[in-house]
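One-letter residues, chain by chain:
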Amino acid sequence: MRLHVVSDVHGAVEDLARAADGADVFICLGDLILFLDYDDPGQGIFADLFGAADARRFVELRTANRFGEAHEFSAGLWARIQGDRREVMSEHVDRQYARLFEAMPAGYLTYGNVDVPALWPRHVRDHHVVLDGQVIEIGGLRFGFVGGGLVSAMRTPYEISDDDFGAKVAALGTVDVLCSHIPPAVPELTYDVVARRFETGSSALLTAIRETQPRLVLHGHVHQPLVPRMRIGRTECINVGHFRARRRPYVLQW
């Protein structure tokens, strides 16, 4: 069995279309939308709306962890936009989703923290299986899926409370492979060495790992992790990589 896993696609449509080549099974752990490109501020929805210069300033504030100033700066830019903010954002997200889901290989999908679950039904195809707090069997192994992220200073679209996220983790029970967009709350797995900050990890995931010891935990979310993989007891936790930067899937075989 050959499994290809991607996370943090962030608009990489052409490479996404080839991500399942040679695979028996394909999994996507979310963050399809490109809202803001930290490497190239001229790309993404923010730049489309406000221009590359303002996008670059917004990136500078965020990377300096000046989130309050970044929010005020963004609010000022939005005040210039005609029309309802939600409708404007939905139109831009819809356009990206239309291209992304057309390119998306057949497989199993869950949400990232920058995804908008309410818009997925318009674009998901018959060969896509969306899982969030659910378990399936792949190649004789039980795979559990938990989508979304936790509340953070970034204020991304699909952030939920610790209790709600923990309930989805608990619903999985014992699995062989635990697939989540965000990592467990372990400093080495949550620290981004380029952004120079800790991303938000899940304590509920960490508890489930310690108590049930799945073979593997697969996650994304942290684009440049201090440690891309580590063991917690018998469980190996693996960051499958920032797909927009890597342009290739993480491959597992058994």
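You'll find the structure just up there.
This write-up is about the structure you can find in this document.

Analysis parameters
Residues numbered from 1 in each chain as written. Predicted model: local features only at pLDDT ≥ 70, side-chain atom pairs only at ≥ 80, totals over all residues. Heavy atoms only, no water. Pairing = 2+ DSSP bridges. Helix = DSSP H or I, 4+ residues; strand = E, 2+ residues; numbered from the N terminus. Axes fitted to C-alpha atoms, helices over the stretch in contact; angles between N-to-C directions. Contact = heavy atoms within 4.5 Å. Salt bridge = Lys/Arg side-chain N within 4 Å of Asp/Glu carboxyl O. Buried < 20%, exposed > 50% of the residue type's maximum accessible area, 1.4 Å probe, protein only.

**Description of the sheet that holds strand E9 (residues 177-180)**
Thinking step 1. The six strands are arranged E5-E6-E9-E12-E14-E13 in an open sheet whose pairing can be described as mixed. Each end of this open sheet is capped by a strand with a single partner; those strands are strand E5 (134-138) and strand E13 (229-232). Each strand of the sheet is rotated relative to its neighbour by a mean of 20°, with strand direction disregarded.
Thinking step 2. Against the sheet, helix H6 (residues 162-172) touches E5, strand E6 (141-146) and E9, its axis set at about 170° to E6.

**Describing the pattern of salt bridges**
Thinking step 1. In total, this model carries 11 salt bridges according to the counting rule given.
Thinking step 2. For Arg66, the salt bridge is made with Glu69, and the minimal N-O distance between the two is 2.7 Å.
Thinking step 3. Residues Lys168 and Asp132 are paired through a salt bridge, measuring 2.9 Å at the closest nitrogen-oxygen approach. You can see Lys168 sitting in helix H6 and its partner Asp132 sitting in the loop between strand E4 (128-130) and E5, a full 36 residues away along the chain. Asp132 matches Lys168 in its accessibility class, with the two residues each being buried.
Thinking step 4. Sharing partners across several salt bridges, the network here consists of Asp15, Arg18 and Arg247.

**A look at the environment of Leu252**
Thinking step 1. Here Leu252 is to be found in strand E15 (residues 250-253).
Thinking step 2. Look at Leu252 and you get buried, because its relative accessible area is 15%.
Thinking step 3. Counting along the chain gives 246 residues from Leu252 to Val6, while the straight-line C-alpha distance between them is 11 Å.
Thinking step 4. Aside from chain neighbours lying at most four places away, what touches Leu252 is Met1, Arg2, Leu3, Leu216 and Leu218.

**What about the sheet that holds strand E3 (residues 107-109)?**
Thinking step 1. A sheet is described by the order of its strands in space; here five strands give the open sequence E4-E3-E2-E1-E15, paired in mixed fashion. A strand with exactly one partner marks an edge of an open sheet, and here the two such strands are E4 and E15. Neighbour-to-neighbour, the strand axes of the sheet open up by a mean angle of 20°, direction not taken into account.
Thinking step 2. Across four bridges, the pairing between strand E1 (residues 2-6) and E15 is antiparallel. By the bridge assignment for E15, Val5 is matched with Tyr250.

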